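Coordinates in review
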Amino acid sequence: AELAMAVVRECPRLEVQGLMTIGAPGDPSCFDKLVECRKVVAEALGRDPSSLVLSMGMSGDFETAIERGSSSVRVGSTIFGARNYAPKA
């Protein structure tokens, strides 16, 4: 909540619109923690928690993230395939 308050106070051209996490593989509690963080941040900002987007979940865990309250998921690997991280010559 301190970071969100600092953004509001020190960066008047920015608007806190939500929170994002990349969950640890196989550990859905990361998503539950972000839901709790949203409640704390919303209270600190004087906003309704539902006004803050929760971006959590990727191609491998988006279903679990949605079950736990995600309002935005990132599924690029599912659409475009896995990234190639090989060194470029």
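Notes on the structure in this doc start here.

What counts, and at which threshold
- Residues numbered from 1 in each chain as written.
- Predicted model: local features only at pLDDT ≥ 70, side-chain atom pairs only at ≥ 80, totals over all residues.
- Heavy atoms only, no water.
- Helix = DSSP H or I, 4+ residues; strand = E, 2+ residues; numbered from the N terminus.
- Rg over C-alpha atoms; globule rule 2.2 N^0.38 Å.
- Buried < 20%, exposed > 50% of the residue type's maximum accessible area, 1.4 Å probe, protein only.
- Contact = heavy atoms within 4.5 Å.
- Areas by Shrake-Rupley, 256 points an atom, 1.4 Å probe, with all protein chains shown as cover.
- Lys, Arg positive; Asp, Glu negative; His and termini not counted.
- Charge placed at Lys NZ, Arg CZ, Asp CG, Glu CD.
- Disulfide = S-S within 2.5 Å.

Here we look at the overall build of the chain
Check the secondary structure of the chain and you find four helices and three strands. Listing each helix as α and each strand as β along the chain from the N terminus yields α-β-α-β-α-β-α. Taken over C-alpha atoms, the radius of gyration comes to 16 Å for the chain, far larger than the 12 Å a tight globule of 89 residues would show. Residues classed as buried in the chain amount to 22% of the 89 residues present. Sequence separation of 24 or more characterises 39% of the internal contacts of the chain that already satisfy a separation of 6 or more. Summed over all atoms, the accessible surface of the chain reaches about 6500 Å², with 57% contributed by carbon and sulfur. Taking the 10 positively charged and 11 negatively charged side chains of the chain as two groups, their mean positions are separated by 7 Å.

Let's talk about the state of the cysteines
Across all of its chains, the model carries zero disulfides by this definition. Cys11 takes part in no disulfide bond, and the closest cysteine sulfur, belonging to Cys37, lies 20 Å away. Since its relative accessible area comes to 30%, Cys11 is described here as partly exposed. Here Cys37 is not cross-linked by a disulfide; its sulfur's nearest cysteine counterpart is in Cys30, at 11 Å. Here Cys37 falls in the partly exposed class, since its relative accessible area comes to 39%.

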